[in-house]
Amino acid sequence: MMISSPSPPPSSSATDSAPPDPKSSSKYSHHTTFFVSYLLFGLLHEFSHLAIASVFLSSSQSSLSSLCDLAQFVARALLGRYCLIEIDNDDNVGSSFVRAHLAIRHFGWIFSLAVAVGLHYCQHVRSLRSGTAAAKKSSFWRLAVVEPIVIVAAYVTALEAITTDLLGFVPIFHQHTSNPMPMKSESSTLLFFCGNFGILLINSSWINVDGGKKALDMLEKMVEVTMMRGAQSGGVVTFEPAKSGHSENQAPIIRGIRSRVVNAKRTVLSKGVRSKIEKDVCSMLGNNLRGWNDKAFNPNSTGKRLVRGFFGHTRFATSSKASMDGTHPHQWSPRRFYTFFPFQSAAASKGSTAKRGSHAVGTGLSESGRSTSQNKKIMHLEPKSQSIGVENFVTHNGDFEFYKINGKYYDTEAIQQWLTKALRVSMPATVDSAAIAGMMDLLRVQGCFALSARYAVCFKMGGCSKDVNPMDPSIEYPTVWHYEEIGKVFEKALDEMVHKEEVKSLEEFNSSDKLRDELVSKISGALIELVEIGSSKNLGHGMMSAFNALVNFVSLDFEEGDLGQFVRATVNAFFDNDLMQTTKIFLKNAKGSFGLCVTTSMDAHRQVVFAAKGQTLSVAFYPRKGLVLYASEQAAVKAGLNYEIPHGKSMFGTDFKCVDENSVRLDLDDLSGEIVLLDWGYGGDSEPAVSLPNRGLAVDKLMGGTVNVILLHLENAMNKSSKLHKRLVQLENNEFIKPLLDDCDDPVLADIKDIPRICSNIQEDWQDIGLNRMTAWHLGQCIRQRIQGRVDGTIESHTNQVDILVTGCEVSLWAAEQFVADLQKCFPKLGVKAVSSNKLLGLFGQELAMPSIGFPFSQQTLEMKDPIVIIVSHSGGTFGPLACSNLMQSFSSSIFTVTSEWDTQCGKQLRGMFGDKNDLLTSRIFSTEVGVRPAEPCSVSVVATHQLLTNIFEHICVTIISNPHFRSITGSIITEWDLQTLERCNRDNIKSLERIVGVDREGNEIHDLTKHKELRAAGDIWAEHILENAKAYIMSFVYIIVTVTLGFPLISGIAYAAGLRDDKSPGDWLFYLARFFDALIYFWLPQINVFILRLLQGRNLRHRMVGRTVVIGDPCPWVAQSAEAFLSKIFACSYSIAGLNVLSGNPADHLVHRHTHRVVRGSLFVCGRPDGRLTALTTLEASTCLAVNQASSIQSIGGTCESITIGHNMSKLPLSFQGIFLETHRPNFLCEQLLDEADEADIQMANNKTMNLTATGNLKADHTSFVSQRFMSTEGGDEPKFQSSMRQDSRNAKDDLDDSFVSTENEAPHSQESQRKTPRGNGWTKLRGSINRGSSNMEDDLISSFVGTENEPPQSQESNHEIARRRTQSRLRGSILRKSSNGESDSSGANKCRSSACLLGIYSNMEKDAKEKSNKQGIHDVHHLDTVINDMIKERRGNDRAIAIFHDMDKNHNGAIDFREFTVAYKKINPEVSMVQLEAMFEEADIDGNGTLDLDEVSFHLFLILVI
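Right, let's walk through the structure included here. Because the structure is predicted, anything quoted here is derived from the model rather than measured. (Residues numbered from 1 in each chain as written. Predicted model: local features only at pLDDT ≥ 70, side-chain atom pairs only at ≥ 80, totals over all residues. Heavy atoms only, no water.)

## Section: the overall build of the protein
Argument step 1. Each helix and strand counted, the protein has 52 helices and 33 strands in total.
Argument step 2. Relative to its 1508 residues, the protein shows a buried fraction of 53%.
Argument step 3. Looking at the protein as shown, the accessible area adds up to about 66,900 Å², and 56% of this sits on carbon and sulfur atoms. (Helix = DSSP H or I, 4+ residues; strand = E, 2+ residues; numbered from the N terminus. Buried < 20%, exposed > 50% of the residue type's maximum accessible area, 1.4 Å probe, protein only. Areas by Shrake-Rupley, 256 points an atom, 1.4 Å probe, with all protein chains shown as cover.)

Have a look at this one:
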C-alpha cells in the first residue's frame, strides 16, 4: 500500500542541509509506535464485540461487572487478541439469537476496517493541509493521524479481524477455550478470534487443599493405563455451575466443559489430556481447578455441594479417522435451555429429614450426626418449573450396529440420518458413538414436557393409525419450537392440578396412577379444545403451526385413539425417563457391544450411569479417600492405590466422613449386560433418585452410606444369591492385587532390568504352596481325568481330537506355540493344538463362521469335546483371549489362563465359571506376577510368560509319565532324567540372565560384566549406524548456516585468506575453481559428514549411506518374532531420518530365500546361534551358520552386511562381523565330555589302560587302575573327588526333581538291557534293573530290583550280536566316564573354539569309527553315535542311582556300610534271602577286606554289572 506524504519517510535518506527530526528518524521510536498502536487497535476491536453484545443480548454476561472481569478482558484482548462472551439465555436457538450472533461476529471486523479507513482518510486530509500553521503546531495529531506507521497498525488489525471474524480462520493457539462457537453451532460461549475412564471426587479435600493437582495426577495415571486400549485421541468432560444462580429450592444449573485432544505421533496422550484440562478447566495462575475455593464445590451453609467429576475416554479409531470430531466425549445436540420440572428421591419428596448418623454429601452433618448449620432438613424441590440448560454426553467403547424403532431394526447409518431429522441438528461426527449421544437426546426427557412430546412422536406413535415410517425421507419432524408450544399445554395442565390438588411434590404424580390418569385426561381435553378452536381459525399462529407439524404423526381426532396414546406416552416419559431408564431403553433396543458412561447436565450434580454389554467396565470405591474411579481397563481403577488424600490447610474442610474400610472394585457383567447407577445425593438427599419402573431394584450403600449403588441386569443372568458384597473385589490388603508401577522416565529399560527378578520370583513361587501351585494341582487333575478317559475308552482317540488347546494373540501366542511344539514332541499321541484366539472366534464365535485360509483349522478339524484350554494373555484384557475365555466355556469346563497377575479381566471370567463353588482348589489362573506394564515393546512380559510355561510344561510331563498307562497312551518319549536336566538348566538360567542384563535377582546392578558390556558395545555401534544420517544432517545444517552467513565457504575462505581475490587478475580463474569445489562440497555435504563420522568412530566406510535394515534370525521362531516385534515397536515413533526397517526369519528354514536378495552394504544382521557342542544341535548350528555365511558373502565394492552371531559355541564365523559368546552356567553333557577324546591321538590305546577284552567277550577290569583314575583322592585325606561331585549331583538332581512335582509312581517296564541273563543268585546283578530305570526313589529301586524275582520268566541267553555291540561301545565309555565325573566344571575340549563344521565332522567320524569297529566284529547293522551316547547317559544315570542307593543304606551317615546296615537294607526288601547269600554278597563287594563297604567299592561293582 502506497501512502503519500509531503515529507520523506523515516527510512528515506536525508540531505546534509536538511537533517531529519531525531524522533522521526529513530527506528526504536517507530517500532514502539507500531507496537502500541497495534495493541490499542486490538483492544478496540474486542471492545466492539463486547459493546454490540450488550445491546443485542441483554441477559448475556458481557458486562465488566468487576475489576477481575476487566483485567481478564484486557489480558485476553492484548495478549490473546480475543474475547469471551458468556450467554445464559433460554432463547439462544431462536432466530433472534442467530441475528445477534451474526451482528456480534461481523460488527468487529467492520469496526476495525472503518477505523483503518477513517485514519487513512484523515491522514490524507492532513497531508493536503501540511503547510498550515495549525498542522505544524499540533504534535498530537501528527502522532495519531499523520504518522503512516499508525495507519499500518490499524490496517493489520483490520486484516486480522477479516481473517478471523469474516473468513473464520482460527489460530490453533486459541482453540483451548472451553466452548468455541462454530458458524452452525449454538453454544453458550462465543469465541471470537476466532478446538472410558473417570473419577468422582466425593471428598472435597481433593479440590480445596491443593487445587486439584493430585487429583489430576491420578487422572493422568488412569489415562496412561487406559491408553493400552487405544491412544489416538482422548477427551474428558466435567461440569461446572453456570453463572446465573438459582433459588434455594431449585436444582443447580450446571454446564459441561469438554476437553478433547487428537494425539500426535510422538506425543503422549495422557500428558496431552492433562494439559488440555488445565487450559480449559483450571485458572491461568497456579493451574488450580476453577471453583476449588468456591462454595459451590465445598461444604457451605446451604448444605448443597457439587461433586467434581471427570468422565473421559481414549480412542483407537475403527469407523473413521482419528479426528477431533470423532473424539469422545460425544454430544449431538448443543446446549439449549428448556423448561424443566426437577425431580429428587421419593424420600426427599415426602419431606423426610436427615436421619441421625446418616452421611450424605452436602448435608453439612458432622461425624456425630449433628448439623453444622441451622438447616437440618433436606432440600425440598417444589413442583415448579425452571429453565435448565440441557446437554448430554456419552463415552462409548465398542460398536453401535443396529437400533430397533417401532419394532424394526435399522443400521447405524440409517439411524444417523434419522437423528438429523428428528433432532433438527446436523450430524456432529460420522462415528457410531455420536449416534448414541443423539439417542440419549431423544430418550433422556424426564421433567421436560417438550422433550417428552418429542420422545412420544419418535418412538411411541409407530403403531398408530398413521403407521409412519421413521426413515421415510419425505417425513418432516416438528421442530423444538413446535414441541415447546405443545409442551406448554402439558405444563399448564400440571400447574393447575398442582394448585387444585395442593400437591407438594411431583412424587405424588409419579407414584399415583390415579393422578397420572387425571393429568392425561386433563391434557387430552385441553388439546381437543385447542383443536376445535383451531378449526375456527381463532388459534394463535404458534400453536397452529405446532399442530400442523404434529398431524403427520398423531391424529388429532380423539375418537381414533391416537391423541390419547400420544398424551399417555408423553406423560409417562415425563415421569419415567430418568438417566437409568434411558440407558435401559437404549440397551434393550440396541445391538452391538457397549461400554457406556452417560452423564447429563440435568443429573451430573448427583448421579451418573455406567453400562457394560460386550465390553468390560469396572468401578472402584475408596472409602478411606472419598474416591470413585471407573474404567474399561480393569487395572486403571487401581490408580487410587498410588495416591493419598492431599494434606494441608483448607478454608472449607470437608463434609465427607472417611470410612475405615478397604477399597473394593465392582466388575460389571459384560457378558449378559449390566447397568449400574451411582447416586451420591444432593442437598441432604441421601436416597437415590430413580423413577418408578426401577424402584424395585436393590439399593446398596457404599463409601459409608455416601454413594448409592443400583444394579440392573439386562438378561437377569445374575441369580438372587449374587449380591453386591459377594461380587466386590478387595483392592487393599489383598495379596493377589498388585498396585500400578510408579512412573519412570524409561519404562522399557525398567522392564528389562526386572527380568532376572521376575524369573527368579516365578521359580521361587513355584516351589512354595501358592496360587500357581494350586492351579497346577488343578491342571494335573484335569489332565489325569482327560487321559484316563482315553485309557478307559470313554474318550475316542483320533486325528482331530483336541486334548489340550492353547490360545493367545501375538507375542503370547508365539510363546504358546513353542510350548505346544515341545509338548507334542514329548507326547506324540497326545492331541495338542495352538490356535490364535482370533481364529477361534472366527470359527466358533460368529453366526457365520469365518474360514481360516491357509491354516488347517475348521470346525471339522478341531473336534473339541471338553478339551483342556490354556489361554495365554499377559494383560488378560486383550479382546481375542478375553472373548475366548467366554466362548470356550461352552466347549470345556477345564479352562486355565496364564496372565500377568491374578486380577485380570480374563481371570475374572474364569473365576466366575462356577459361582459360589469357586475356591483355591479349582484355581484356574497362572500368574507371572509381572503386573501392568504400559510399555508397548514387550520384554519382561514375554520372558516371564516363557518362564512360567516352562514350569507348566514340566508339571504336565511329570503328571503323565508318573502313570505307565498314561505313558503308553500318549506315546511318551520324555523321561524323569530329562526333566531333571531341564529343571537344572531352568534354574541355572537365572545366572545367565543376570550376566546378560547386568542386574541381579535382587534388583542390584552388577558391575564389571564382560558379556553385558560386550552386548551394549555392539548395540552402541549399531545405534551409531542408525543415527549417522541425523548427525550428518545437523552437521550439514551448521556448515551451511555458518558459511552462507559469513559469505566464506570452506575452499573459498581458504583461498581468500591466502590472498586470492576476484579482481580480474590473471589468476582469478583459481578463485572460480575454489568456488567450484565449494559447490561440490555443498552437493555432497551429507555424504562427506557421514564419512567423517565413520572415520572418527572407526566404523565401516563402505556401508551405504541410506536407511538401515535390521534382520533378526533365530532357529526358534518365537524368539525371532518376539525380537522383531520388540525392536520394531521401539522405533515406531522415530523420525524417518533415524528410523529403520525390521525383518525376521528362520536361518534353518526360509531366511535365505526371503531376505538374502535384499542384502546390501550396511544391512544389519543378528542371528541366534544354537550350541553345536551338543549332538542334538550340531546340525542345526551348521545350518544356521551356513545361512549367516551365505548372507555375509554377498558383497559389493568390498562391503557386505554387518552380521553378528550370539551363542555359546566360541567359534567366530569367518564372514561375520562379530561373534558374541555367552557364558555357560550349566554342567557339561556327556557329548561335550566326548569332545575331549577327540584331542587324543588314540582313543583305543587310552581305553586299554583300564579295560581288556578277552576273546570270549568277558570283561576283566583292573580294580586298582580303575579306582586310581576314577576315584582320585584329594590332598589331606578329603573326600574323593568323584565321590563328592557325584554325591552332590545326585542330591541336586533329586532336589530338582522333588521341587518340580516329579513323581516316581508307576515306573515304566524294564528296558531290554536291564533284563539280560545273569546268575540267579547274584544279588548285585539284581540291582541292575533299578539303576537302569533311572528312578530317584531309592526304596522303590530296591523293591523293583529284588521283589518278585522268582516269578520272572526265564531270560534267553543274549546273542553274540548284542555282546559285540556292547564291546564296541565300551571302548568309548571308559575314557568318557573318566572325565565326566565332575559335572560342575566345563571340560577343556568343550571350551575350545570348534566351528560347526568341525563339530559335525568330529561327531560324524566317531559314528564312522563305531560302524567300522562293529563291522570288524561281524556286526552289519548301523550303529549311530546317538545310540552310543544314549547308552553312556544310561550308565551315568546308573552311577548317580548307585550313589543314591549308597546314601539310603548308610543309616548312620558315616560314609561306610557295615554288614548290619547291609543286612537290614536287603531284608527290608527281600525278607526270604538267607544269611549265607548275604554274607557271600558282602564278601564279594568288600574288596579291601576291611569289613565295610565304601562308595568306591559299591560303585565299582555296579559299574562292572552295567558294562557286562
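## Concerning the pattern of salt bridges
Argument step 1. This model, assessed by the stated rule, comprises 51 salt bridges.
Argument step 2. The salt bridge involving Glu-391 is made with Arg-335; its shortest N-O contact spans 3.4 Å. Taken together, the residues Glu-391 in the loop between β8 (386-390) and β9 (392-405) and Arg-335 in the loop between β6 (308-315) and β7 (336-340) connect sequence positions 56 residues apart. As far as the burial class goes, Glu-391 and Arg-335 line up, both buried.
Argument step 3. Note that Arg-695 is salt-bridged to Glu-507, the shortest N-O span being 2.5 Å. Taken as a pair, Arg-695 in the loop between β16 (674-679) and β17 (699-702) and Glu-507 in helix α16 (residues 507-511) lie far apart in primary sequence, 188 residues in all.
Argument step 4. Overall, the relative accessible area of 26% leaves Arg-695 in the partly exposed class.
Argument step 5. Overall, the relative accessible area of 6% leaves Glu-507 in the buried class. (Salt bridge = Lys/Arg side-chain N within 4 Å of Asp/Glu carboxyl O.)

## Structural notes on the packing of aromatic side chains
Argument step 1. Applying the stated rule across the entire model yields 34 aromatic pairs.
Argument step 2. Summarising the aromatic geometry, the rings of Trp-418 and Phe-459 are spaced 5.7 Å apart at their centres and angled 75° between planes, so their arrangement reads as edge-to-face. Of this pair, Trp-418 sits in helix α12 (residues 412-423) while Phe-459 is found in helix α14 (residues 449-460), placing the two residues 41 residues apart along the sequence. Neither Trp-418 nor Phe-459 differs from the other in exposure class; each is buried.
Argument step 3. Here a set of aromatic residues connected by ring pairs shows up, and it is made of Phe-400, Tyr-403, Trp-418, Tyr-455, Phe-459, Tyr-477, Phe-553, Phe-586 and Phe-594.
Argument step 4. Over the ring of Phe-297 we find Arg-308; its NZ or CZ atom is 4.5 Å from the centre of that ring. (Phe/Tyr/Trp six-rings, centres within 6.5 Å; stacked < 30°, edge-to-face > 60°. Lys NZ or Arg CZ within 6 Å of the ring centre and 35° of its normal.)

## Topic: the pairing of strand β4 (residues 233-241)
The two faces of a sheet get side chains in turn, since along a regular strand they alternate between them.
Argument step 1. With eight of its nine residues buried, β4 lies for the most part within the structure.
Argument step 2. By the bridge criterion, five bridges tie β4 to β6 in an arrangement that is antiparallel. Across the sheet, residue Gly-234 finds its bridge partner in β6, namely Thr-314. (Pairing = 2+ DSSP bridges.)

## Thoughts on helix α34 (residues 1068-1083)
Argument step 1. The end-to-end C-alpha distance of α34, which contains 16 residues, comes to 23 Å, matching closely the 22 Å that a straight helix rising 1.5 Å per residue would cover.
Argument step 2. Considered for burial, the residues of α34 that qualify are Asp-1068, Phe-1071, Ala-1074, Asp-1078 and Ile-1081. End-on, the buried residues of α34 take up no more than an arc of 115°, which puts them together on one face. Summarising the geometry of α34, the exposed residues directed more than 90 degrees from the buried face are Trp-1069 and Phe-1083.
Argument step 3. Contacts from the buried residues of α34 go to α32 (1010-1046), α33 (1050-1057) and α35 (1085-1097). (Expected span 1.5 Å × (residues − 1). Arc of directions from axis to C-beta. Contact = heavy atoms within 4.5 Å.)

## Comments concerning the environment of Gly-540
Argument step 1. Turning to its location among the elements, Gly-540 is positioned in the loop between α17 (513-535) and α18 (541-550).
Argument step 2. Assessed through its relative accessible area of 41%, Gly-540 is described here as partly exposed.
Argument step 3. On a C-alpha basis, the gap between Gly-540 and Leu-530 in space is 9.7 Å, while along the polypeptide they are 10 residues apart.

## What to know about the packing of helix α50 (residues 1459-1469) against helix α51 (residues 1475-1485)
Argument step 1. Close contact between α50 and α51 brings their axes to 11 Å; oriented N to C, the two are set at 125°. Classed by the angle they form, the pair α50 and α51 counts as oblique. Crossing geometry of α50 relative to α51 is assigned as right-handed. Only Met-1475, Leu-1478, Glu-1479, Met-1481 and Phe-1482 of α51 make contact with α50, whose side of the interface consists of Phe-1459, Phe-1462, Thr-1463, Tyr-1466 and Lys-1467.
Argument step 2. For the contact of α50 with α51, the class distribution of residues is seven nonpolar, one polar and two charged. (Axes fitted to C-alpha atoms, helices over the stretch in contact; angles between N-to-C directions. Parallel < 35°, antiparallel > 145°, perpendicular 65-115°, else oblique. Left-handed = near helix turned anticlockwise from the far one by under 90°. Nonpolar A, V, L, I, M, F, W, Y, C, P; charged D, E, K, R; others polar.)

## Focus on the environment of Ala-231
Argument step 1. Mapped onto the secondary structure, Ala-231 falls in the loop between α9 (213-226) and β4.
Argument step 2. A sequence separation of 38 residues divides Ala-231 from Leu-269, and the C-alpha atoms of the two residues are 6.2 Å apart.

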